[in-house]
Amino acid sequence: MSDEFELHPVKFSRVSRRGMLLGLTGPQLVTASIAVTILVSALYFGGGEAVTWTSPAWASVVALTWVPVAGRPAIEWLPVTGHWAARVAAKQTVYRKRVTKPRPAGTLALPGDAASLRMHLDPDSGAVMVHDPHRATLTAVLEVSHPAFVLLDPGEQERRVHAWGRVLATACRSNHVARLQVLERTLPDSGTGLAQWWSSHGHNDGSWVAGVYQDLIDRAGPAGERHVTTISLALDMKAAARASRSAGRGMKGAAAVLRQEMTTLTSALRTADLRPSPWYGPGQLAVMLRTAYDPQVAAALDRSGDLGQDLATAGPVAVDERWSRLRTDSAYHAVLWVSDWPRSQVYPGFLAPLMLSSGIRRSFSLICDPIRSDQAARSIRKLRTEYVSDAAQRAKVGQIEDAQQSAEYQDVLRQESDMIAGHGVLRYTGLITVSADSETELERATAAIQQAAIQASLETRLLVGQQAGAFTAAALPLCRGI
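Rules of the game
Each chain has its residues counted from 1, following the order in which its sequence is written. Only residues with pLDDT of at least 70 get local features here, since the model is predicted, and only at 80 or more are side-chain atom pairs given and counted; chain-wide, interface and lining totals rely on the full set of residues. Only hydrogens and water are set aside when side-chain values are computed; all heavy atoms of the structure are taken into account. Only DSSP runs of H or I reaching four residues or more are called helices, and only runs of E reaching two or more are called strands; each is numbered from the N terminus. The buried label applies to any residue whose accessible area, calculated with a 1.4 Å probe on protein chains only, is under 20% of its type's maximum; exposed applies above 50%, and partly exposed to all values in between. Any two residues whose heavy atoms approach within 4.5 Å at even a single point are treated as in contact. With residues, only the protein chains shown are counted as cover, and all accessible areas are computed by Shrake-Rupley using a 1.4 Å probe. Each patch is built from residues lacking any salt bridge and having more than 30% relative accessible area; the joining distance is 9 Å for like charges and 5 Å for nonpolar side chains (Val, Leu, Ile, Met, Phe, Trp, Tyr). A pair is scored as a salt bridge if a Lys or Arg side-chain nitrogen falls within 4 Å of a carboxyl oxygen belonging to Asp or Glu. Any two strands with at least two DSSP-identified bridges between them are counted as paired. By nonpolar core we mean a set of buried residues, namely Ala, Val, Leu, Ile, Met, Phe, Trp, Tyr and Cys, connected to one another through side-chain atoms within 4.5 Å. Expected helix span is computed as 1.5 Å times (number of residues minus one). Our arc is simply the arc of the directions from the helix axis toward the C-beta atoms. Counted as a polar contact is a pair of N or O atoms within 3.5 Å, where, for protein atoms, one must be capable of donating a hydrogen and the other of accepting one, and residues adjacent in sequence contribute only when both atoms are in side chains.

**Q** How would you summarise the overall build of the protein if you had to cite specific residues and measurements?
**A** Each helix and strand in the protein was counted, giving 15 helices and 15 strands. In the protein, which comprises 482 residues, the proportion classed as buried is 42%. Of all intrachain contacts in the protein linking residues separated by at least 6 positions in sequence, the fraction that spans at least 24 positions is 77%. Of the roughly 24,800 Å² of accessible surface on the protein, 57% is carried by carbon and sulfur atoms.

**Q** Go over a nonpolar patch on the surface with me, naming the residues and quoting the values.
**A** The grouping of Val150, Leu151 and Leu356 at the surface amounts to a nonpolar patch, some 330 Å² of accessible area in total. Checked against the element boundaries, Val150 lands in the loop between β6 (137-145) and α4 (154-173). Taking the relative accessible area as the measure of exposure, Val150 reaches 40% and is therefore partly exposed.

**Q** Describe the pairing of strand β14 (residues 425-436), naming the residues involved and giving the relevant values.
**A** With nine of 12 residues buried, β14 is to be regarded as a mostly interior element. Across six bridges, strand β12 (residues 332-340) lies against β14 in antiparallel orientation. Among the inter-strand pairings, Trp337 is bridged to a residue of β14, identified as Leu431. Strand direction decides the pairing type here: strand β13 (residues 361-371) and β14, joined by 11 bridges, are antiparallel. The partner of Ile371 across the bridge, within β14, is Val425.

**Q** Run through the nonpolar core, naming residues and quoting values.
**A** By size, the foremost hydrophobic cluster in this structure holds 55 residues, and its most contacted members are Phe364 and Leu458. Counting residues per element, this core draws most heavily on helix α8 (residues 250-271), which supplies eight residues. In contact with Phe364, other than residues within four places in its own chain, are Val182, Leu183, Glu184, Val338, Trp341, Leu351, Leu354, Met355, Leu431 and Ile432.

**Q** Explain helix α14 (residues 439-455) to me, and be specific about the residues and the numbers.
**A** Residues lying three or four places apart along an α-helix face the same way, a consequence of the helix completing one turn every 3.6 residues. With 17 residues, α14 ought to run about 24 Å at 1.5 Å a step, and its terminal C-alpha atoms sit 24 Å apart, in line with that. Within the sequence span of α14, burial applies to Leu442, Ala445, Thr446, Ile449, Ala452 and Ala453. For α14, the arc enclosing every buried residue in end-on projection is 125 degrees, short of the 170-degree limit, so these residues lie on one face. The exposed residues of α14 that point more than 90 degrees off its buried face are Arg444, Ile454 and Gln455. The inward-facing, buried residues of α14 abut β12, α11 (352-355), β13, β14 and β15 (459-462). One or two steps after α14, the chain reaches Ser457, where phi turns positive at roughly 65 degrees.

**Q** Mind laying out the environment of Asp390, listing which residues take part and the relevant values?
**A** In this structure, Asp390 sits in helix α12 (residues 373-397). Each C-alpha atom, one on Asp390 and one on Gln405, is 9.8 Å from the other, the two residues being 15 residues apart in sequence.

**Q** How would you summarise the side chain of Ser330 if you had to cite specific residues and measurements?
**A** Turning to its location among the elements, Ser330 is positioned in the loop between β11 (326-327) and β12. At 2.3 Å, the side chain of Ser330 and the side chain of Asp294 are in polar contact. Leaving out residues up to four positions away in the same chain, Ser330 has contacts with Tyr293, Asp294, Pro295, Gln296 and Asp437.

Keep in mind these numbers describe shape, not what the thing actually does.
Rendered as structure tokens:
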């Protein structure tokens, strides 16, 4: 086999932790300036005695600047806690569906800031498109099927990795794509798939072997789980405004432009040996939204045919948001953020411990924000300039250059060389949603997922104070951000 299809390890760029000045972030610079102002003013007007009297003030500000809380400076927690306190005071952490007050026609029955989402049914493709009027995006969803990656030989794995890279490069070359979301989730299996396979391919001749196999399907089928992978494509309606006007203006023109992007993505997926389904219609999207908030109904909807395929009633009945978890109709949820990808070289199947964890209802969402080549070039040049100027500033004040900053600078140089070689630049966000029937089970499942993430060389953090928005971005295929 040629070297082109030999399995090679890959290395992720580090998350930049460089501050605005001398390693300090913007909020830290503000609080540090306040502390210096208080201290200098006290020395100027009152001398040492005034410094002592004002010590509670400037010492508190210094603590806010440099004392870490849960891995972050204390000052960076103020926006999170302040926003959470304001939402609690406004009673925005509790949602109850008003069954006697129907939703406006064409809207999705979702809580929070997702309540503004609108539905557009495209008559040409039959796909349902989700319009976000505030963020000016139009999103379509499809499901893909694929063979188990970990069971392929190394050469085939490498070939598929290259093919998937070409799919992402296709999204980067388009100036109209706002976001691409890959959502892989586990659902309780009703056992109908196994039963249908046995009825189509099995041979029940009344023998002992056939009886044992039938009994195994009857017992194990409903207790199993199935994996569903979807890809969501979001159109930037502002960037595509000119193309939309030439295609018919308004929602009709935007839908025509999105259809072109959908066709391009479908062709790229087939080239990558992925089997895309037809684009989701209203019924399929309704079932997916319903099962995200109410996982226990998934098996019933799988057996009931057309039941539950109404977007007007697909949202939750009740949502209670807490500081570190979320409760919906029949489940408790916790959303984890992949705060750091592997720092060492890993092979493409490094997510296997996380993706193949059994007995846990979870979803893994990879949100890809493509960056235009001109914007990426400007950003990389700016980063290079900032790293060089920071190094000069640290050398001037006698601060030692650490290995983390040097490694981040090398990552920037590698990104620049990859971009020159024709690769696209994307900004990745990884989110993991863990669901369980009770709070105790949720704690156990979250601990198990965190351990699986450690085995996959990932660092995860619980998104406290923003679980509702994080759940919408992580568990729903709507290309939402946090």
